[in-house]
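# Examining the three-dimensional arrangement
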Amino acid sequence: MVTWNVATADPPDDISSLLHLNSPKSPDLYVIGLQEVYSGPLRFMSDIVFDDPWSHLFMSTLAPRGYLKVTSIRMQGLLLLFFSKLDHVPYIRDIQAKYTRTGIFGYWGNKGGVSIRLSFYGHKLCFLNCHLAAHMKYATERVDEFESILDTQTFDCKKAPKVLDHRLVFWFGDLNFRIQDHGMHFLRTCINNHTYHLLWSKDQLTMMKKKEPMLQEFEEGPLDFQPTYKFDLNSDAYDSRPYRTWFAFNGKKRKPAWTDRVLWRLRPKGPPSEGSDENEDPGLAEKNAKQQEEDEAYPLKVRQDSYISNMEYGISDHKPVISTFTMELRKMYETPLVSLHADGDWSADIDAVVVYSPLQPFPSSTWDWIGLYKVGFTSVSDYITYTWVKDDEVSFNEELIQVYVSKEEIPVLGGECVLCYYSSTLQCIIGISEPFKVHESKVAIEEGLVPENINGLDKATAT
């Protein structure tokens, strides 16, 4: 999990250390939350049509390593990306994303929160990336903004309509909590001596957790890394330049602070507290009893393995924070909803057939489709072609359904490909075929068709 306020900078050339790509064990999931992604009018409009430079970099870096961008959400400068190894993708379901603005009376999206909720092997997870109010004196306002985000974000899910209804919640981002009371000299002495623990008691988030029961439900690892804000650009030196006030007077240097954080919350167990809504609502009590029974039947544990900052990157006045977690869970299901494969040999010389079979009941729709992808594809939308499941259905029996793909849509140069069944109702891929080879077109070879003469789609596939 990565959180980074990138301060409108363009992405660096290399993100290997940011994503720990050289680690001996590769993670199953990547969750990346950015704040202050550049959102000027021209760039923002182009990003609506095309992937923004940051998303493109993460996708192009992770796709060759077998990761797919499952989903993402952006609200102005806030960006949240969720990547998974391909093996897990058919078991990631019920995906929804929400955003909440808290900047300028709740109308501006420079501050707020974006979230992604999903079901991972049946366990309901939610990831919330926030950018809260700045400046030392607004600690209470930051908590108020967080509570407002939790209150306003609702999902179309009966078992988990709110963020805190999810089994596991990760809360991260530029939360903007500062270190108060200590002077600059003491702060820098502690940082230089690596005695960070002397600063913990005056960290505003730590202080607010003592007063706010809701915050006490969130866990955080020890802050055993130096504060991640505020740095001179392209430097490991903290803010050395006096900033200008409105009337051009020099202001104070910004104090270092742990503004960039990663916390998590497992849904509490046990009976409700006195005075809770459950004691007055028998229906709610029954729902919670079933939920607790399910939690016991399908346990979920989470452990934070590391919590560090990365001092290598200097493009922003914030340093990125990276945390790795291990989830231990009992899977609620281990079978994909759909099995599918390419029938016979495939090439651009003849119409091709896809055979699929529903393995479990699911809410199918006429808007479901099967996409043809090259191996190493980056996201759901990175298909070569697709076919509507109902429109192109050619035969059906109780077990197997066949649909065809027109030869005009198949790449002339061929290549290694996979098929994916996309459910429009569940908003996710629910079945993936084994890789198979699409052969070069014999007709194209005989006619001497060369790459310069084929369409751009085939050029991209050949590349």
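Above this text sits the structure in question.
This write-up is about the structure you can find in this document. Keep in mind it's a predicted model, so treat the numbers as computed, not measured.

The relative placement of two aromatic rings is captured by the distance of their centres and the angle of their planes. Under the definition given, this model contains 27 aromatic pairs. Note on Phe 170 and Phe 325: the rings are 4.9 Å apart at their centroids and 65 degrees apart in plane angle, and the pair reads as edge-to-face. One end of the pair, Phe 170, is in strand S8 (residues 168-174); the other, Phe 325, is in strand S11 (residues 321-329), and 155 residues separate them in sequence. Since its relative accessible area comes to 3%, Phe 170 is described here as buried. Between Tyr 373 and Phe 377, the aromatic rings sit 4.2 Å apart at their centres with planes inclined by 35 degrees, giving tilted as the arrangement. Residue classification places Tyr 373 among the buried residues on the basis of a relative accessible area of 0%. A relative accessible area of 4% places Phe 377 in the buried class.

What follows concerns the nonpolar core. Phe 127 and Trp 346 are the most contacted members of the largest nonpolar core, which has 78 residues in total. When residues in this core are grouped by element, the largest group, 6 residues, is from strand S19 (residues 415-423). Look past the residues within four positions of Trp 346 in its chain and what remains in contact with it is Ala 352, Val 353, Val 354, Leu 372, Val 405, Ile 410, Leu 419, Phe 436, Lys 437, Val 438 and His 439. In this structure, Trp 4, Tyr 30, Leu 57 and Phe 83 belong to the second largest nonpolar core, which totals 22 residues.

With that settled, the discussion passes to helix H4 (residues 184-192). Those residues of H4 lying buried are Leu 187, Cys 190 and Ile 191. Down the axis of H4, the smallest arc covering the buried residues is 100 degrees, so these residues share one side. Residues of H4 that are exposed and point over 90 degrees away from its buried face: His 185 and Asn 192. In the segment just after H4, His 194 is the residue with positive phi, at about 60 degrees.

Turning to the pairing of strand S14 (residues 352-358), a few remarks are in order. Of all 7 residues that make up S14, 5 are buried, and the element is covered over most of its length. With 6 bridges joining them, strand S12 (residues 338-343) and S14 adopt antiparallel strand pairing. Its bridge partner lying in S14, Ser 339 is registered against Ser 357. By the bridge criterion, 5 bridges tie S14 to strand S18 (residues 401-405) in an arrangement that is antiparallel. Looking across to S18, one finds that Tyr 356 is bridged to Ile 401.

Definitions and cut-offs
Residues numbered from 1 in each chain as written. Predicted model: local features only at pLDDT ≥ 70, side-chain atom pairs only at ≥ 80, totals over all residues. Heavy atoms only, no water. Phe/Tyr/Trp six-rings, centres within 6.5 Å; stacked < 30°, edge-to-face > 60°. Helix = DSSP H or I, 4+ residues; strand = E, 2+ residues; numbered from the N terminus. Buried < 20%, exposed > 50% of the residue type's maximum accessible area, 1.4 Å probe, protein only. Core = buried A, V, L, I, M, F, W, Y, C linked by side-chain atoms within 4.5 Å. Contact = heavy atoms within 4.5 Å. Arc of directions from axis to C-beta. Pairing = 2+ DSSP bridges.

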